[in-house]
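# Reading the structure
Letter by letter, the chains look like this.
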Amino acid sequence: MAKIDKNLDNIWALRKVLSRPNYAVMELLLQKSPRTTKELYSVLEKKFTRKTLIITLRELSLDLNVIQPTHIRTANGYGLGYKLNPKVKNIIRSVQKFSKTIESGR
């Protein structure tokens, strides 16, 4: 069970979701969803350690409900994969739009 800090502000979850490894996983799933765990590891292994990716997937799926585990048909049967929570897709697109707006204002 995750320890909850009593000094969290109103947007702590958004900050947590937008960390570098969490956002990288969500961005990949936004491009193509669902993806197997192996696909996610192979694409992101050069940017992050395997331990970081394992923690990231656990955090996004169990703690934050941003990604949802799903079964994916493979050559050997079914494998574990992840897809984005449909509500989160719109939030990610909005965050990308806000980021472009802020960058263009410089």
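Summary of the structure given here.

Reading the values: the criteria
- Residues numbered from 1 in each chain as written.
- Predicted model: local features only at pLDDT ≥ 70, side-chain atom pairs only at ≥ 80, totals over all residues.
- Heavy atoms only, no water.
- Helix = DSSP H or I, 4+ residues; strand = E, 2+ residues; numbered from the N terminus.
- Buried < 20%, exposed > 50% of the residue type's maximum accessible area, 1.4 Å probe, protein only.
- Polar contact = N/O pair within 3.5 Å; in protein donor to acceptor, adjacent residues only side chain to side chain.
- Contact = heavy atoms within 4.5 Å.

This part takes up the side chain of Asn22. Locating Asn22 in the fold gives a position in helix α2 (residues 20-31). Assessed through its relative accessible area of 1%, Asn22 is described here as buried. Engagement of the side chain of Asn22 in a polar contact is seen with the side chain of Ser19, the distance being 3.2 Å. Not counting residues within four places of it along the chain, the set of residues in contact with Asn22 comprises Lys16, Val17, Thr56, Glu59 and Leu60.

A few words now on the environment of Ile92. Inspection of the secondary structure assignment puts Ile92 in helix α5 (residues 86-104). What makes Ile92 buried here is its relative accessible area of 3%. C-alpha of Ile92 to C-alpha of Ser61: the two residues are 31 residues apart in sequence and 16 Å apart in space. If we skip the residues at most four places from it in the chain, Ile92 touches Tyr23, Met26, Leu30 and Leu84.

Turning our attention to unusual backbone geometry. In this structure, Pro34 follows Ser33 across a cis peptide bond, with omega equal to 0°. Checked against the element boundaries, Pro34 lands in the loop between α2 and β1 (35-36). Positive phi, close to 55°, is recorded for Asn65, a residue that is not glycine. Checked against the element boundaries, Asn65 lands in the loop between α4 (50-63) and β2 (67-74).

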